[in-house]
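# Results of the structural survey
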Amino acid sequence: MISSSLKPDYAIFAVPPQLIPNPPRWANYPEALTFVPFGRYTLNTLLISAVTIVGHLLSCTVVAYAFARLRAPGRDALFLVVLATMMLPYPVTMVPLYVLFRALGWINTFLPLTVPAFFGSPLYIFLLRQFFLTLPTDLEDAARIDGANTAQIIWHVILPLSRPALATVAIFTFQTSWNDFLAPLIYLQNPQNYTVTLGLQFFRTSYTTSWGYLMAAALITMLPVVIVFLLAQRLFIEGIAMTGVKG
Amino acid sequence: MQRPLLQHASFAILLTTLASILAACSGAANSPPPAPVERTVVVERTVVVAQTVEVPREVVVTPTAAPQAADAKIVLRVGTGDSGEGLTPHLTIIEQFEKENPDIQVQLEPVGSGDYYARILTQIAAGDPPDILQIGDDAVPNFVSKGAFVDLAPFIASNENPLDTGIYLPGVLEPGQWEGKQYLLPKDFSPLAVYYNKKLFDQYKIPYPTDGWTWDDFLQTAQALTKDTNGDGKTDVWGVQLPGPWTTGFEYWVAAAGGRLISEDGTTFTGYLDSPETATAVQFYADLYHKYKVAPPPADLNAFGGGNSEFDSGKAALRLFGRWPQSGLKTNPNIDLGVVGPPVGAKRANVLFWGGFGISAISKHQDAAWRFLRYYVGAQGAEVWKDWALPTVKSVAEASGQASDPIEGVWIGELNHLAPRAYVSTPYWGATADPALRKVLEQVIIDPNTDVAAALKTAAADAQAAMADQQ
Amino acid sequence: MPHLSASRREALNFYLCISPWLAGLLIFVLGPMLVSLGISFTRWDLLSPPRFVGLRNYERMLGDPLFWQSLKVTAIYTMLYVPTELVGGLALALLMNQRVPGIAVFRTIFYLPSVISGVAFVVVWMWIFHPEAGLLNLALAQVGIDGPRWLTDPHTALSALWMMSLWGLGRAAVIYLAGLKGVPKELHEAAIIDGANAWQAFRHVTIPLITPTIFFNLVLSLIATFQTFTSAFVATNGGPLDSTLFFVLYLYRQAFERFSMGYAAALAWVLLLIILALTLLVVRSSDRWVYYEGARR
């Protein structure tokens, strides 16, 4: 990829392939970035991703805790419903969803891309539920005997033990909304509101593709995800220490 | 020092936000009976809904572009499948138009590539399409026959803003018509042609192809330029790079063999898709790959160009395709570019690829949309388009010198040899013959021993059955 | 809350805590799902109003060779991919879990491939799978093997997509990694002190403790693999000769290229039933092999 990002288009699929571009075409980078307003699109996407992460962490933690720990009639059936909502392919709900968001007046805003996050995502509810189920109950039982309510238990007992899982949710959420294509495609109409993936699509037309630009832009737009991962994965290391202390 | 700070800060934010929802959740749990089950949610929801529900209501209340306050502009939405540099002409024209028409604001909504249709279909199904939509000729019958566009005749003939349809080059209005009425007007077009790399012709001292050359000339030229330069038994320079199983381009070969893919009334494939003429075309195409071995095998059957890049690398002498990659080929140092019409078989033939604009049938601003459309595709617009694509307006093509240019003149001249397009005669091409023909082309490209006549017979039967299913 | 029994209070608490999800289900999920179910009984081209056709879309599947082909392709791919992800992802996670200097960079490098978005990803693989000049066939030529034509050969295209998918293992590995971090080190150390070797400790201590994660990855990859779309959409578009025609790709085509939204919706609901059935099998079996440290029944 790096190699392709430095080539003129005609050399990208040259046979045999050139591993080191000669001469490297650095101009692909500035040209790709002026060609499409990636600064604006990056800000849009960062905003959407950040709000979505907050939404998922808030809602999924609580919902997942309930599914993992609280006993109630209908719980297991409802959990199957959580799973089942992941099983219907997106293309067939796209039109009804559009109608819904239009009725709410949300088309051409970031709301369809962010608000649903506050209502939980089946994927991360499932992920966190599985993780919570591996945690020993002793600490919680002790806390409950001491009179702690559910909120206090989640706050003081579960959360400190769950950093690796929460980090995973944050990373995945970030990456998913960063790379999301279909939803922004459908709901964002004004180019001012476009996201990075929609911007990348600008390098392709029906019959031609500007591969050099595409590669350059793809590399640059990957950077935020890599940085977020590098930062977040430190929580994994911490996870060990915390468990060691508490366990 | 930085690291823990950063972590703690982000983690604190996380915990604080979590705490707020938890407080709501458990607070409710502790204060017993009429526990408002949805408290946390309801708060968020009502806030948002209250803010936003009014917006569509406003639109409904003032449905037509009735005279409004002086500063209330009509916002026209324009959907296009163009992207990247291709947007510059759109934006240039919009800027000019807005300057001359201060009461209208045009919002261009571009989506690159194939996902464009998924988006506009969703918008149309939800009753929310752009006022002006760009679509390709292959989509015209389906969209128009299902009522997605308005008939432009009253607008074209209007007293206030008429359009002289005599200004266009031959053949570029027809793809926008359905059952004799004009629903779309042309944006740009491309026939097919053969690119050739003069460098290779000069190196091997082969004369350049000339207008009116035949399939035999084509084959001989390709054979003369297929070379194993290092004697390792593998071909290093290829005669011709073909566009693989590209069905819509393949229609040229069928038309040039004297056949057609569908009956004139757009209903019947048997006797057409499996005719001896179609078989001749498929066999010749397959032979270029397998028998004469003048075409490199496709590296990828998905991309339009067959995924091949030999011509771009200076490793193929000829390439049959549309005008789309031409600007890149002109600046490619491996190539000294020439362009010639496709070779003549039993007949001289070519096929057109076309994109145009129409006005949505449910647009609330049809009059304003027409004012813009007339400008967009008329002489003023063509003055801008000409720098990016072939102009559709005759006078513009002549004044710019493109009609007599050694390269652009070839493309424009090919408009005189157009064969009727199968996919403009039925709304169901994409669901019927297109997949069937594609399968045949993939078969013959992959398997040299394919029985062409039998494969076409199956394809025609499949397509016909699919057609029956559509009615 | 003296007047509420403990179990009723717990149930109330449960429903309160899942209320965001329940509300979201009612507002954003259930409606569109039910609408799509309704659409599956119609014929709808998205342009003109839908027409009720009863069960015709479902009957049509039985005689549609491409329906069976896409089901077959998807099933084969799932059988190839799911085990790879379970085993490969865990192996990768174990590597990522090592405590050596530079592990952060190492983890990132292994995660990186799953970050690259659609189009760019495919270009890289076109380089690798190119029949003449691809890295893979050049490497095979070094050891005297004349490589196949990968993406353009119906016999190898699906395997090629499977190889492509291995790039996404980083995602599964990160989930495993989170699970592994939940395994108290003391337990592992205790087993070693008791005389177990590293493999035995892994097999009898680590594995049982991460079965919830394995369960998650199994269910999730079942659900996701049956809905494979992007790689086939961009890299092969279902070809050659329908050898990579995934179910959802076929569905997408019906919806937006063949203008048969009704048929697409019917296909979608059949897919949901298939995945649901398989998921139920896994869930039922999980009582026997998934160990929950903190389960409360």
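Residues numbered from 1 in each chain as written. Chains lettered and ligands numbered in written order. Predicted model: local features only at pLDDT ≥ 70, side-chain atom pairs only at ≥ 80, totals over all residues.

## Here's the deal with the overall build of chain C
Filter applied, for reference: Numbering goes from the N terminus for both helices and strands, where a helix is a DSSP run of H or I of at least four residues and a strand is a run of E of at least two. Labels follow a simple rule on C-beta atoms placed from the backbone: if 20 or more others lie within 10 Å of a residue's own, it is buried; if 12 or fewer, it is exposed; otherwise it is partly exposed. This entry defines residue contacts through backbone-placed C-beta atoms, with two residues in contact when those atoms are within 7 Å.
If you tally the helices and strands in chain C, you get 14 helices and 2 strands. Summarising its shape, the C-alpha atoms of chain C cover approximately 75 × 65 × 30 Å along the three principal directions. In chain C, buried positions account for 47% of the 297 residues. Taking contacts inside chain C between residues at least 6 apart in sequence as the whole, the part at least 24 apart equals 68%.

## Examining the pairing of strand E2 (residues 104-110) of chain B
Residues and elements named next belong to chain B. To keep things clear, this is the line we draw: In this analysis, strands are considered paired if DSSP registers two or more bridges between them. Orient the strands so they point away from the viewer, and a crossover whose first-strand-to-second-strand path over the helix runs clockwise is right-handed.
Summarising the sheet, strand E1 (residues 74-80) and E2 pair through 7 bridges and their orientation is parallel. In the sheet register, Arg77 faces E2, and the bridge partner there is Gln107. Since E1 and E2 lie parallel, the crossover through helix H4 (residues 87-100) that links them has a hand, and here it is right-handed.

## Considering helix H6 (residues 91-103) of chain A
All buried positions along H6(A) are accounted for by A:Pro91, A:Val92, A:Thr93, A:Met94, A:Val95, A:Pro96, A:Leu97, A:Tyr98 and A:Phe101. At its buried positions, H6(A) is contacted by helix H7 (111-114) and helix H12 (182-187) of chain A, helix H5 (115-125) of chain B together with helix H2 (19-39), helix H13 (247-257) and helix H14 (261-289) of chain C. Positioned one or two residues after H6(A), A:Gly105 has a phi angle of 75°, which is positive.

## Things to note about the sheet that holds strand E3 (residues 132-136) of chain B
All names here are of chain B. The condition that has to hold: To get an axis, a line is fitted to the C-alpha atoms, and for a helix only the part in contact is used. The angle between two axes follows their N-to-C directions and goes from 0 to 180 degrees.
Sheet architecture is open: 5 strands sit in the order E2-E1-E3-E11-E6, paired in mixed fashion. Both edges of this open sheet fall to E2 and strand E6 (184-191), since each of them pairs with a single strand only. Ignoring which end each strand starts from, the neighbouring axes of this sheet average 15° apart. Looking at chain direction, E3 and strand E11 (residues 352-359) are connected through 5 bridges and run antiparallel. Counted as the bridge partner of Ile132 is Ile359 from E11. H4 contacts E1 and E2 of the sheet and is inclined by roughly 170° relative to E2. Packed on one face of the sheet, helix H13 (residues 366-377) meets E1, E2, E3, E6 and E11 and runs near 150° to E11.

## Here's the deal with helix H14 (residues 211-232) of chain A
Short version of the rule: Helix span, expected: 1.5 Å multiplied by one less than the number of residues in the helix. At every residue, the bend is computed as the angle between two fitted axes, covering the seven residues ending there and the seven beginning there respectively.
Between the first and last C-alpha of H14(A) there are 32 Å, a value that for 22 residues agrees with the 32 Å anticipated at 1.5 Å per step. At A:Leu223, H14(A) shows its largest kink, close to 30°, and the proline A:Pro224 lies no more than four residues downstream.

## Things to note about the interface of chain C and chain A
This is how the line gets drawn: Residue classes follow a fixed rule: Ala, Val, Leu, Ile, Met, Phe, Trp, Tyr, Cys and Pro count as nonpolar, while Asp, Glu, Lys and Arg count as charged, and any other residue, Gly among them, counts as polar.
At the interface, 71 residues of chain C touch 72 residues of chain A. Partitioning the side of chain C that touches chain A into residue classes produces 49 nonpolar, 14 polar and 8 charged.

## Quick look at the environment of B:Pro162
Residue and element names in this part refer to chain B. Assignment of secondary structure puts Pro162 in the loop between helix H7 (153-156) and strand E4 (177-178). Judged by the 11 C-beta atoms lying within 10 Å of it, Pro162 is exposed. Residues Pro162 and Arg371, spaced 209 residues apart in sequence, show a C-alpha to C-alpha distance of 9.5 Å. Setting aside its immediate chain neighbours within four residues, Pro162 contacts Ile156 and Ala157.

## As for the packing of H14(A) against helix H5 (residues 103-111) of chain C
To keep things clear, this is the line we draw: Any angle from 65 to 115 degrees is called roughly perpendicular, while one under 35 is roughly parallel, one over 145 is roughly antiparallel, and all others are oblique. The hand of a helix crossing depends on one turn: near helix anticlockwise from the far one by less than a right angle means left-handed, and clockwise means right-handed.
Here H14(A) crosses H5(C) at 140°, and the two axes come no closer than 10 Å. By the criterion of interaxial angle, the relationship of H14(A) to H5(C) is oblique. Considering only the axes of H14(A) and H5(C), their crossing is right-handed. Contact residues: A:Val226, A:Phe229 and A:Leu230 in H14(A); C:Ala104, C:Thr108 and C:Tyr111 in H5(C).

## Brief notes about unusual backbone geometry
Residues and elements named next belong to chain C. With a phi angle near 50°, Leu241 is a residue other than glycine that sits in the positive phi range. By the C-beta count within 10 Å, which is 20 here, Leu241 ends up buried. For Phe259, which is not glycine, the phi dihedral falls at a positive 55°. Residue position: Phe259 is located in the loop between H13 and H14. Given 27 C-beta atoms within 10 Å, Phe259 falls into the buried group.

## What to know about the sheet that holds strand E10 (residues 337-340) of chain B
Residue and element names in this part refer to chain B. With respect to topology, 4 strands assemble into an open sheet ordered E8-E9-E7-E10, the strand pairing being mixed. The outermost strands of the open sheet, each flanked by one partner alone, are strand E8 (238-241) and E10. Pairwise comparison of adjacent strand axes, ignoring direction, gives a mean angle of 20° for this sheet. Both strand E7 (residues 193-197) and E10 contribute to a ladder of 4 bridges, which runs antiparallel. Bridge pairing in E10 links Val194 to Val340. Set on the sheet, helix H9 (residues 215-224) makes contact with E8 and strand E9 (316-321); between it and E8 the angle comes to about 130°.

## Considerations on the confidence of the model for chain C
Formally: Each residue carries a pLDDT score, the predictor's confidence in it, ranging from 0 to 100.
Considering every residue of chain C, the mean pLDDT works out to 86; 96% of them sit at 70 or more. Here the predicted complex scores 0.85 on pTM and 0.87 on ipTM.

## Concerning the packing of H6(A) against H2(C)
Running from N to C, H6(A) and H2(C) point in directions that differ by 125°, and their axes come no closer than 8 Å. By the angle between their directions, the pair H6(A) and H2(C) is classed as oblique. Handedness of the H6(A)/H2(C) crossing: right-handed. Of H2(C), the residues touching H6(A) (which contributes A:Val92, A:Thr93, A:Pro96, A:Leu97 and A:Leu100) are C:Gly31, C:Pro32, C:Met33, C:Val35 and C:Ser36. Residues that form the contact of H6(A) with H2(C) fall into these classes: 7 nonpolar, 3 polar and no charged.

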